[in-house]
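Topology and contacts: notes
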Amino acid sequence: MLRVYNTLTKQKELFQTVEPGKVTMYVCGPTVYKPSHIGHMVGPVIFDTVKRYLVRLGYQVRWVVNITDVDDKLIRRAAELNTTVKELAEKMTTDYVENLTKLNVTGIDAMPRATEHIQGMIDIMQGLIAKGYAYAASGDVYFDVMKDADYGKLCNRDPEQLEAGARIEVSDRKRSPGDFALWKSAKPGEPAWDSPWGKGRPGWHIECSAMSMSLLGKTLDIHGGGLDLQFPHHENELAQSESFTGETFSRYWMHNGLLKIGQSKMAGSVGNVVNVVDLLQKYSPETVRFLLLATHYRSPIEYSDERLAEVQKSLEGFYRFFERYERITKKSFFAITASTNVASPSEFATLRQSFLNHMDDDFNTGGAVGVLFELLSALNRFVDVSQLESGNGKPVDVATFEQGVGYLKELTDILGLFAKQIETPQTDEKSQQILSGLMQLLIDLRAEARKAKNFSLGDQIRKRLAEIGVTLEDRPTGTIWRKE
RNA sequence: GGCCCCUUAGCCAAGCGGUAAGGCAGUGGAUUGCAAAUCCGCCAUCCCCGGUUCGAAUCCGGGAGGGGCCUCCA
């Protein structure tokens, strides 16, 4: 049974959806004014994995991630770059989507833009005003936190005390400091839309209410986002949505931990961001995704170059195993279909179950990843013990082995890892032929030297190759070579 | 000042009352002509102090240190 930690209740709850068998999930996306940094990828990778697991459990999942394409930062940045808000937003959205694709985030069903839902926002605001939860003032519209009896329930905020900590310019149009803008009257030169209160643009929180209701209905099963969005964004979204519909806005609130670089979080405001595009120059998408999933999603993730290098190193064992699998079965790991049914009890099946148990416990990918390494060891051990690589393996053992590898495929699929062969820099075919020909030539010459007990020559060949980044491995079936 | 959260080996990290997963690094061994790869073994009593309990890394209280939010932020 799947249990999910709910920020609203601060405990793990049994997962039960509004509609049996179906899950609606809304995750707050970025404001597209700058190229995305790795921090922006944490949520998408995690919730992509959440979706994969839910699908694996048999749910039909519909997942929406919004794009905020109008806001102060966007307006400012567009002015700096001497471009339009629209153009800037489109460009940065493209960047965002490309990065998601590279990280194998494939589960998003819709990415609505705030500016496409202005009418929906106006409808909600009118409803809120009619019910007395919001008021218009000089072209602005504000939500009245004092009118909302349970305002602050998500983050334990007391609207009475918001005043104390209110460091913001408390607009005199507001009735109380905690009130937040649903609609902002237009200033000259800013993007603006017509509304019953005059020309203006939406406040930050209202867009998510409008988009989620329009695409997923009044009550979401899961609402997700970064920990930093809990307050005020999610608190306000919740307040305005429930005040408007009178119904529960989201059954489960899930918040992911922030990426930590050194002692503080990575954020545009701190100025310590690493762009995804730059990062992927140095490390594979697989490495990045693995890093993000190796820690429990509610904890901060330790980010550093050393950490990335460490993760990359730990992944090499998997890639070597995939090659080993190919040597034994003549099949590519990436092409096999996952075993999902447990035919007979085995060590592999036990580990598989352990992995699934971790996922059932609030999507504990950290624990699950640990099991992956155990499964890897178990499979390698099995190959050794059953002598599968020497070609003397019994058919029964080969079958058991293939099932175990099928599990590995199944589980890595859930995490969205090892979906395809790692990409290597393209070289033309002719060069490729020459390279493999030369390598074979060297391996053959070395084999002859070793046969003649001329080990010093053999070792010299190996040493010189190592110096240029080529490793030789002498295996029962012959010598193979590998870059790096 | 208010509201959350964290503190597990050199580093990263799981653990949610029954006696410390996993990875990286290190180290001993099997294998190898020697290596590489693989396998096996070793490597922590869980920030401190009290308490609850037959039993606590896990629960409660206090202390120390760190982080997040209260302003834009994934």
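Since we're looking at a predicted model, the values are computed, not measured.

Cut-offs applied
Residues numbered from 1 in each chain as written. Chains lettered and ligands numbered in written order. Predicted model: local features only at pLDDT ≥ 70, side-chain atom pairs only at ≥ 80, totals over all residues. Heavy atoms only, no water. Near = heavy atom within 4 Å. Polar contact = N/O pair within 3.5 Å; in protein donor to acceptor, adjacent residues only side chain to side chain. Helix = DSSP H or I, 4+ residues; strand = E, 2+ residues; numbered from the N terminus. Nonpolar A, V, L, I, M, F, W, Y, C, P; charged D, E, K, R; others polar. Salt bridge = Lys/Arg side-chain N within 4 Å of Asp/Glu carboxyl O. Buried < 20%, exposed > 50% of the residue type's maximum accessible area, 1.4 Å probe, protein only. Domains from an automatic or database assignment. Contact = heavy atoms within 4.5 Å. Buried area = accessible area lost by both parts, 1.4 Å probe. Phe/Tyr/Trp six-rings, centres within 6.5 Å; stacked < 30°, edge-to-face > 60°. Lys NZ or Arg CZ within 6 Å of the ring centre and 35° of its normal. Pairing = 2+ DSSP bridges. Right-handed = clockwise from strand over helix to strand, strands pointing away. Axes fitted to C-alpha atoms, helices over the stretch in contact; angles between N-to-C directions.

1. What to know about the protein's contact with RNA strand B
Around RNA strand B there are 63 residues in total, and Lys73, Trp204, Lys265, Asn364 and Arg462 lie nearest to it. Gly39 has a polar backbone atom sitting 2.8 Å from a base nitrogen of RNA strand B. Here Phe231 contributes a backbone N or O atom positioned 3.2 Å from a sugar or linking oxygen of RNA strand B. Those elements giving two or more residues to the surface near RNA strand B turn out to be α1 (39–56), β9 (220–226), β12 (264–265), α10 (305–329), α12 (365–385), α14 (429–451), α15 (455–467) and β14 (470–475). It is α12 that contributes the most residues to the surface near RNA strand B, 9 residues altogether. Of the residues that constitute the surface near RNA strand B, the class distribution is 15 nonpolar, 26 polar and 22 charged.

2. A word on the pattern of salt bridges
Applying the stated rule across the entire model yields 40 salt bridges. For the salt bridge of Asp48 with Arg52, the shortest nitrogen-to-oxygen distance reads 2.8 Å. Taken together, the residues Asp48 and Arg52, both in helix α1 and 4 residues apart, mark about one turn of the helix. Residue class for Arg52 comes out partly exposed when judged on its relative accessible area of 21%. When the shortest N-O distance is used, the salt bridge between Asp474 and Arg450 registers 3.5 Å.

3. Notes on the domain arrangement of chain A
Taken domain by domain, chain A comprises domain 1 (3–272), domain 2 (304–415) and domain 3 (429–483). Each of domain 2 and domain 3 has a C-alpha centre, and these two points are 29 Å apart. Listed as interface residues are 5 residues of domain 2 and, on the opposing side, 6 residues of domain 3. Both sides of the domain 2 and domain 3 interface together cover about 460 Å² of buried area, and 50% of this is carbon and sulfur. At the junction of domain 2 with domain 3, the criterion picks out 1 residue pair in polar contact (both at pLDDT 80 or more).

4. Describing the packing of aromatic side chains
The geometry of two aromatic rings is summed up by the distance between their centres and the angle between their planes. Under the defined criterion, the tally for this structure stands at 20 aromatic pairs. Both rings, one in Tyr135 and one in Tyr142, keep their centres 5.9 Å apart while their planes meet at 35 degrees; by these two values the pair is tilted. The two residues Tyr135 and Tyr142 agree in class, both being buried. Judged by centre distance (5.2 Å) and plane angle (35 degrees), the rings of Phe318 and Phe418 are tilted. With Phe318 in helix α10 and Phe418 in the loop between α13 (395–415) and α14, this residue pair connects regions lying 100 residues apart in the sequence. Residue classification places Phe318 among the buried residues on the basis of a relative accessible area of 0%. By relative accessible area, which is 0% here, Phe418 ends up buried. Connected via pairs of aromatic rings, a cluster forms that spans Phe290, Phe318, Tyr319, Phe322, Phe333, Phe334, Phe373 and Phe418. A cation over an aromatic ring shows up here: Arg157 above the ring of Phe231, its NZ or CZ 4.2 Å from the ring centre.

5. A few points about the pairing of strand β3 (residues 22–27)
For β3, the tally of buried residues reaches 5 of 6 residues, placing the bulk of the element in the interior. In terms of strand pairing, β3 meets strand β4 (residues 60–65) through 6 bridges, oriented parallel. Bridge assignment links Tyr26 to a residue of β4, and that residue is Val64. As for the winding sense of the linkage, the β-α-β connection from β3 through α1 to β4 is right-handed.

6. A look at the sheet that holds β9
Reading across the sheet, the 4 strands line up as β4-β3-β9-β10 and stay open at both edges, with parallel pairing between neighbours. With partners counted over all chains shown, the strands left at the sheet margins are β4 and β10 (250–256), one partner each. Each adjacent strand pair in this sheet contributes to an overall mean axis angle of 20 degrees, direction not counted. Each of β9 and β10 is contacted by helix α7 (residues 230–245), which is oriented at about 160 degrees to β9, the strand it contacts most.

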